[in-house]
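# Survey of secondary and tertiary structure
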Protein chains: 4
Amino acid sequence: MTDPTRIAPELLVSRWFNTPVPLSLAALRGRVVVIEAFQMLCPGCVSHGLPQAQRVRQVFAREDVEVIGLHTVFEHHAAMTPVALEAFLHEYRIGFPVGVDAPSEAGPIPRTMAAYGMRGTPTLLLVDRAGRLRQHHFGQVEDLLLGAQIAMLAAEPMTAIASGAACGVDGNCA
Amino acid sequence: MTDPTRIAPELLVSRWFNTPVPLSLAALRGRVVVIEAFQMLCPGCVSHGLPQAQRVRQVFAREDVEVIGLHTVFEHHAAMTPVALEAFLHEYRIGFPVGVDAPSEAGPIPRTMAAYGMRGTPTLLLVDRAGRLRQHHFGQVEDLLLGAQIAMLAAEPMTAIASGAACGVDGNCA
Amino acid sequence: MTDPTRIAPELLVSRWFNTPVPLSLAALRGRVVVIEAFQMLCPGCVSHGLPQAQRVRQVFAREDVEVIGLHTVFEHHAAMTPVALEAFLHEYRIGFPVGVDAPSEAGPIPRTMAAYGMRGTPTLLLVDRAGRLRQHHFGQVEDLLLGAQIAMLAAEPMTAIASGAACGVDGNCA
Amino acid sequence: MTDPTRIAPELLVSRWFNTPVPLSLAALRGRVVVIEAFQMLCPGCVSHGLPQAQRVRQVFAREDVEVIGLHTVFEHHAAMTPVALEAFLHEYRIGFPVGVDAPSEAGPIPRTMAAYGMRGTPTLLLVDRAGRLRQHHFGQVEDLLLGAQIAMLAAEPMTAIASGAACGVDGNCA
């Protein structure tokens, strides 16, 4: 799931919070994107994943690194509604953009979660400046390692990224 | 609000979880009752109050000390529904009885919360074996102090409790 | 080692810090005594035992509960000298009385540590108002339980304690 | 003190632990060097600085990043002797090389500490592959930021490093 030659699947979001306009990985090309996939009633997300995403937001400049929350509800759908999420984001003072992963007609797993083959929450994804998925962490990842991984993606020269725009429709890059 | 000569207001609960029968302070007379008033989307309740209540449940014998959660929703009512609470209790593995504080027609403050004059969540109440409110903590209380307070209530001789209904308005009990 | 009918062995201390006069369990009769046995280079003592003893000092009134540190050095004797201990107590802002457990001629285990049969550090001992050893914790003990145990000893009526003074030389109390 | 055009002052060490041979920044040229300056009786070093250095050791490969402890004793000299340090390193299971900062005849501040103008402990220094001091943190630095800083130094191309000795006084390198 972290094939560095392929463009990461686009976010499929039914509703956005904390942003005046919908976001997309395509529009964020040029920046590193940190995606924190969570459920508001997942204890590991509340105690570890989301606080870590907030720290990432504070440490890195927004012109280099964008942090996005993705509410990937795959259980307790009646409890974790958009109305409940909105209250949650307010109470936990989460200020970065959060998208609700679009429900699927095929089952309980929402669409972006399925496209990335996520195993559960919290999951943290790193997308490079060229839009390619470079890290896929399920569970906890320690701050030192995450800081290093984000910084290395942010430090990649733009020339390498420019060639990323030449990736074929098959996802392979020249 | 902690007048030791008065019987604590009865719990007004619209729905119970984790108990086959409704609970009441009257029926729990003879035991110390620890009431953890919380909201499922209150960060201080999730990180401090509820884990502390779980530790109280583990340290003290149930024949001496009963632990009860009280979901005192006074904001974000559409988010913190009984359905959402049920999922929350499951995910956070909260096994002690939890009652939903009965909504009030007069405003957003539920009825038990109003009767006790609670200022917010988390609030921890200690009711002695005779049914009198003895401690009312708003916010955080440290484990050492709480352990001491519960133990002292549990250690009070039954004779004092029996005569408790006869305590004078000066707070002295015969 | 926690026979409630026997008077706890007296402290054998070669040097005291943080007290103008030497302390003894005999002189502290009437108060609960919390003894935190530690080594200044024992990680569990530094991260858990000593901070807990400091919390005990803050929560309980000194007229009811005395907190004493006991430096029971049984390894690295050349490193954990009284001079080093004095610097340690200063840097860690430990303000309660601390005694250096008297070295033994028989081996590396100091004398009080041997008299109590301690297995290592940290060890926390609770001595009741009558001078009897009532709890002997090796390793970590949680705050809720410790707070309860101290409070229960502090709540024991003086009459029971008075009879403690009539314990025979065989350690048995009438 | 973090002039990127200057080679960092060499370590002045009177005794090494955890290494069969003395270390020097000169000999480590080509690797990023993380220097954790600490005192064994400094609470912030024990609770924050040294555990963080241990995490750095685990996250980064030794061929890229070397972690060195530097015992910069500037107070309580009689307490923090090499003998005491040896016991400390053993008890806290610190496995990376640790040097004792060489005492100065001029006063209590040891020689390397003085050469770097350190304000106290803990202090964390980052030296790049070319031997230049690039970061000087006094007090706490969070893991995310530190991980990013180390990774960026480790990612710097060797060509830039080779020419590093020729950086101009304006900070620009040829």
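The rules behind these values
Residues numbered from 1 in each chain as written. Chains lettered and ligands numbered in written order. Predicted model: local features only at pLDDT ≥ 70, side-chain atom pairs only at ≥ 80, totals over all residues. Heavy atoms only, no water. Helix = DSSP H or I, 4+ residues; strand = E, 2+ residues; numbered from the N terminus. Buried < 20%, exposed > 50% of the residue type's maximum accessible area, 1.4 Å probe, protein only. Contact = heavy atoms within 4.5 Å. Buried area = accessible area lost by both parts, 1.4 Å probe. Salt bridge = Lys/Arg side-chain N within 4 Å of Asp/Glu carboxyl O. Polar contact = N/O pair within 3.5 Å; in protein donor to acceptor, adjacent residues only side chain to side chain. Least-squares fit on C-alpha atoms with pLDDT ≥ 70 in both. Nonpolar A, V, L, I, M, F, W, Y, C, P; charged D, E, K, R; others polar. Expected span 1.5 Å × (residues − 1). Bend = angle between axes of the 7 residues up to and from the residue. Axes fitted to C-alpha atoms, helices over the stretch in contact; angles between N-to-C directions. Parallel < 35°, antiparallel > 145°, perpendicular 65-115°, else oblique. Left-handed = near helix turned anticlockwise from the far one by under 90°. Disulfide = S-S within 2.5 Å. Pairing = 2+ DSSP bridges. pLDDT = per-residue confidence, 0-100.

When its secondary structure is counted, chain A shows five helices and six strands. Going from N to C terminus, chain A has its helices and strands arranged as β-β-α-β-α-β-α-β-β-α-α. Out of the 174 residues in chain A, the part that is buried amounts to 52%. A fraction of 73% describes how many contacts in chain A between residues 6 or more apart in sequence connect residues 24 or more apart.

With respect to the helices and strands, His71(C) occurs in strand β3 (residues 65–71). Setting aside residues no more than four positions away along its own chain, His71(C) makes contact with Phe38(C), Gln39(C), Met40(C), Met80(C), Leu85(C), Gly99(C), Val100(C) and Asp101(C).

The interface is formed by 16 residues belonging to chain D together with 16 residues belonging to chain C. Between chain D and chain C, the buried area comes to about 1300 Å², and carbon and sulfur atoms account for 69% of it. Interface area lost by chain D to chain C is led by Leu41(D), Glu91(D) and Tyr92(D), which between them contribute 40%. Counting every contact that joins chain D to chain C gives zero salt bridges. Our count for the contact surface shared by chain D and chain C stands at two residue pairs in polar contact (both at pLDDT 80 or more).

Now for the relation of the copies chain D and chain C. For these two chains of identical sequence, chain D goes onto chain C by a turn of 180 degrees and a shift of 0.0 Å along the axis, with RMSD 0.0 Å. This pairing of chains is accounted for by a two-fold axis. Comparing interface residues between copies, 100% of those in chain D also sit at the interface in chain C, which points to an isologous, same-surface contact.

Here we take up the interface of chain B and chain A. Between chain B and chain A, the residue contacts involve 16 residues of the former and 16 residues of the latter. Both sides together, the interface formed by chain B and chain A hides about 1300 Å², and carbon and sulfur atoms give 69% of it. Together, Leu41(B), Glu91(B) and Tyr92(B) form the three largest contributors to the area buried by chain B at its contact with chain A, with a combined 40%. At the boundary of chain B with chain A, the tally comes to zero salt bridges. Inspection of the chain B/chain A interface yields two residue pairs in polar contact (both at pLDDT 80 or more). Among the residues making up the side of chain B that touches chain A, the classes are represented as twelve nonpolar, two polar and two charged.

Copy one and copy two of the chain differ by a rotation about an axis and a translation along that axis. For the pair chain B and chain A, the relating rotation is 180 degrees, the translation along its axis is 0.0 Å, and the fit reaches an RMSD of 0.0 Å. Most of the interface of chain B is mirrored in chain A, where 100% of its interface residues are also at the interface.

Take helix α1 (residues 43–59) of chain A next. Residues and elements named next belong to chain A. In this model α1 runs 24 Å from its N-terminal to its C-terminal C-alpha over 17 residues, within 8% of the 24 Å that 1.5 Å per residue would give. If you look at α1, its biggest bend is around 30 degrees, right at glycine 49, and the proline proline 51 turns up within four residues after that. Among the residues of α1, Cys45, Val46, His48, Gly49, Leu50, Gln52, Ala53, Val56 and Arg57 are the ones counted as buried.

What follows is about the packing of helix α1 (residues 43–59) of chain D against helix α4 (residues 143–155) of chain D. All names here are of chain D. Where α1 meets α4, the axes come as close as 12 Å, and the angle between the chain directions of the two elements is 45 degrees. Regarding the angle of α1 to α4, the classification is oblique. You can see that α1 and α4 cross each other, and the crossing is right-handed. Facing Gln52, Arg55 and Val56 of α1, the residues of α4 in contact are Asp143, Leu146 and Ile150. Grouping the amino acids of the contact of α1 with α4 by side-chain chemistry returns three nonpolar, one polar and two charged.

Residue and element names in this part refer to chain C. Here the structure, examined in full by the defined rule, presents four disulfides over all chains. The disulfide partner of cysteine 42 is cysteine 45, and the S-S distance across this bridge is 2.4 Å. Here the S-S torsion is close to 80 degrees, and the disulfide linking cysteine 42 with cysteine 45 is therefore right-handed. Overall, cysteine 42 belongs to the buried group, its relative accessible area being 7%. Its relative accessible area of 0% is what places cysteine 45 among the buried residues.

What follows deals with the pattern of salt bridges. Residues and elements named next belong to chain D. The full count for this structure, using the stated rule, is 36 salt bridges over all chains. Measuring nitrogen to oxygen at the nearest pair gives 3.2 Å for the salt bridge that ties aspartate 64 to arginine 129. In this pair, aspartate 64 sits in the loop between α1 and β3 (65–71) while arginine 129 sits in the loop between β5 (123–127) and β6 (133–138), placing the two residues 65 residues apart along the sequence. A salt bridge links arginine 134 to aspartate 128; the shortest N-O distance between them is 2.7 Å. For arginine 134, a relative accessible area of 25% translates into the label partly exposed.

Take the sheet that holds strand β1 (residues 13–17) of chain C next. Residue and element names in this part refer to chain C. Strand order in the open sheet made by the six strands is β1-β4-β3-β2-β5-β6, with mixed pairing throughout. Edge positions in the open sheet fall to β1 and β6 (133–138), since each of these has one partner strand only. The mean angle between the axes of side-by-side strands here comes to 20 degrees, regardless of whether they run parallel or antiparallel. Two elements, strand β5 (residues 123–127) and β6, share five bridges in a ladder whose sense is antiparallel.

Glancing now at the confidence of the model for chain A. Residue and element names in this part refer to chain A. Confidence in the prediction of chain A, expressed as mean pLDDT, is 91, and 90% of residues score 70 or more. Across residues 162–174 the pLDDT falls below 50, and counting only partners more than four positions away or on other chains, this stretch makes twelve contacts in the model. We note a pTM of 0.90 for the whole complex and an ipTM of 0.87 for its interfaces.

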